[in-house]
Amino acid sequence: MRRHNKHLDFEINLIPCIDLLSVCICFLLLTAVWLHIGSMNVKQAVGGQSQAETVKKPLLWVYMGQGGQLTFNVQQSSLVPKALANLKLPGLNGQANLAELAKVLTQITAKDPGLKTALIQPQAQSSYEEIIGLMDEFKKQGVTDLGVAPL
Amino acid sequence: MLASQSVLQDTALQSALGAQSVLQPKYGKWKRTIVADLLLTALIDAFSILVIFLLMSFSSAGDILLVGKGQELPKASLASTLERNPVVKLEEGKIYLENQEVSQDSLVGALLGLRKQFLESHPGEEYPGILMIQGDRRLKYDQLNQIILAASHAGFSDIRFAVLMK
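Residues numbered from 1 in each chain as written. Chains lettered and ligands numbered in written order. Predicted model: local features only at pLDDT ≥ 70, side-chain atom pairs only at ≥ 80, totals over all residues.

Draft legend 1. Looking closely at the overall build of chain A. Helix and strand counts for chain A stand at four helices and six strands. Its helices and strands taken in sequence order, chain A reads α-β-β-β-α-β-α-β-α-β from the N to the C terminus. Out of the 151 residues belonging to chain A, those deemed buried represent 24%. Considering only contacts in chain A between residues 6 or more positions apart, those separated by 24 or more positions represent 65%. (Helix = DSSP H or I, 4+ residues; strand = E, 2+ residues; numbered from the N terminus. Buried ≥ 20, exposed ≤ 12 C-beta atoms within 10 Å, placed from the backbone. Contact = placed C-beta atoms within 7 Å.)

Draft legend 2. Inspection of the overall build of chain B at higher detail. Of regular secondary structure, chain B possesses five helices and seven strands. The secondary structure elements of chain B, listed N-terminal to C-terminal, are α-α-α-β-β-β-β-β-α-β-α-β. The long-range fraction of contacts in chain B, counting pairs at least 24 apart against all pairs at least 6 apart in sequence, stands at 65%.

Draft legend 3. Representation of the interface of chain A and chain B. In this assembly, 38 residues from chain A lie in contact with 48 residues from chain B. Within the residue set of the side of chain A that touches chain B, elements represented by two or more residues are helix H1 (15-31), strand E1 (37-43) and helix H4 (128-140) of chain A. Top contributing element to the side of chain A that touches chain B by residue count: H1(A), with eight residues. In terms of residue class, the side of chain A that touches chain B is made up of 23 nonpolar, ten polar and five charged. Relative to strand E7 (residues 158-165) of chain B, E1(A) is paired through seven bridges, and the arrangement is antiparallel. Bridge pairing in E7(B) links A:Ile37 to B:Leu164. (Nonpolar A, V, L, I, M, F, W, Y, C, P; charged D, E, K, R; others polar. Pairing = 2+ DSSP bridges.)

Draft legend 4. Expanded view of the pairing of strand E3 (residues 70-75) of chain A. Residues and elements named next belong to chain A. Burial along E3 is one-sided: the residues Leu-70, Phe-72 and Val-74 are buried and none of Thr-71, Asn-73 and Gln-75 is. Here six bridges tie strand E2 (residues 59-64) to E3, and the two strands are oriented antiparallel to one another. Counted as the bridge partner of Trp-61 is Asn-73 from E3. Between E2 and E3, which pair antiparallel and follow one another directly, the connecting turn spans five residues, one of which, Gly-67, has a positive phi of 65°.

Draft legend 5. Inspection of the packing of helix H3 (residues 98-111) of chain A against H4(A) at higher detail. Residue and element names in this part refer to chain A. It is the contact of H3 with H4, at a shortest axis distance of 10 Å, that shows an interaxial angle of 35°. Every pair of crossing elements has a handedness; the one defined by H3 and H4 is right-handed. For the pair formed by H3 and H4, the contact residues are Leu-98, Leu-101, Ala-102 and Leu-105 on the first element and Gly-133, Glu-137 and Phe-138 on the second. Its residues placed into classes, the contact of H3 with H4 shows five nonpolar, one polar and one charged. (Axes fitted to C-alpha atoms, helices over the stretch in contact; angles between N-to-C directions. Left-handed = near helix turned anticlockwise from the far one by under 90°.)

Draft legend 6. Structural detail: helix H5 (residues 141-153) of chain B. Residues and elements named next belong to chain B. Across its 13 residues, H5 extends 18 Å between first and last C-alpha, which sits within 8% of the 18 Å expected from 1.5 Å per residue. Along H5, the residues that are buried comprise Tyr-141, Leu-144, Ile-147, Ile-148, Ala-150 and Ala-151. Just beyond H5, the residue with positive phi is Gly-155, at close to 85°. (Expected span 1.5 Å × (residues − 1).)

Draft legend 7. Region of interest: the pairing of strand E6 (residues 130-134) of chain B. Residue and element names in this part refer to chain B. Counting buried residues along E6, four of its five residues qualify, which places the element largely inside the surrounding structure. Note: strand E3 (residues 87-91) against E6, three bridges, orientation parallel. Within E6, the residue paired with Val-87 across the bridge is Met-132. Of the strand pairs in this sheet, E6 and E7 are connected by four bridges, and their pairing is parallel. Residue pairing across strands places Leu-131 opposite Ile-159, the latter belonging to E7.

Draft legend 8. Region of the structure containing the environment of B:Leu66. Here B:Leu66 is to be found in the loop between helix H3 (40-56) and strand E1 (75-76). The spacing of B:Leu66 and B:Lys89 is 23 residues in sequence and 9.8 Å in space, taken between C-alpha atoms.

Draft legend 9. A look at the sheet that holds strand E6 (residues 145-148) of chain A. All names here are of chain A. Read across the open sheet, the five strands follow the order E4-E3-E2-E5-E6; overall the sheet is mixed. Of all the strands in the sheet, the pair left with one neighbour each is strand E4 (86-89) and E6. Looking at each pair of strands side by side, their axes are set apart by 20° on average, direction ignored. The pairing of E3 with E4 spans four bridges and is antiparallel.

Draft legend 10. Seen up close, the confidence of the model for chain B. Residue and element names in this part refer to chain B. Of the residues in chain B, 75% reach a pLDDT of 70 or more, and the chain-wide mean stands at 80. Confidence over residues 10-14 falls short of pLDDT 50; this stretch has four contacts with residues more than four positions distant or in other chains. For this predicted complex, the interface confidence score (ipTM) comes to 0.77, while the overall pTM stands at 0.74. (pLDDT = per-residue confidence, 0-100.)

Following this line, the structure appears as structure tokens:
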């Protein structure tokens, strides 16, 4: 049997690796985006269609009141019971109670899974953050077609 | 074995420190060898971790929106990816369209101008009508309302609110 005299241990030249990694780090540091900004998409009606042409879909109106109070009004849906279709949700510490909102939305969408559209009617003094918070909660519950009603 | 018998061994093709030690040996002054081995493995480990971290936070979209110093965007967890669209920014009570200050009265005209520019540069294409709104999280809706109304008047049906991803 032939014996191998060559050494099995050898050294890799690490200098090119360091060069490559340094270039990578410099490039990534220069192009890094530290704030991850996204967008909350809203579809607004601009009045291009007549009412007769518009397809009747289940629609949820949410009115933002004083102290975070939310009033729900489900329209064009016969599946949602009246108790849920017209509901008032009191606020919590002057803000909308998002935990309760999630529960109510879960109940409404369970009754009518076709409900995908919601229109939010804020007040003049409603804060932007609160409106976005509501939209985020709607999206989490599968209500994806959102709109904001102007004053 | 090969290295010790090589012709290069007898030539001056060595490192500066090595050559100096051969040509002008200073055995009396320096007893220790000058050339020290650096432990490069730890350095490469650290560099690799840095590269992985930076790659994870890398965004190919780059900075589309510039957020001012005093401005805080609202936070949302289910936000869509940002795309390049006309931006209306509300900052310190002023309205900026594509970083140009516009008044409330001229906003509709300016938006219509954008639409006209697009239709001229892209003949035959339908205008997407997308507008990005960037504002501080503490803004009141009556300030946002004027922009939403102006956008509706100018035919921008798709409004996107800039948010920070949670």
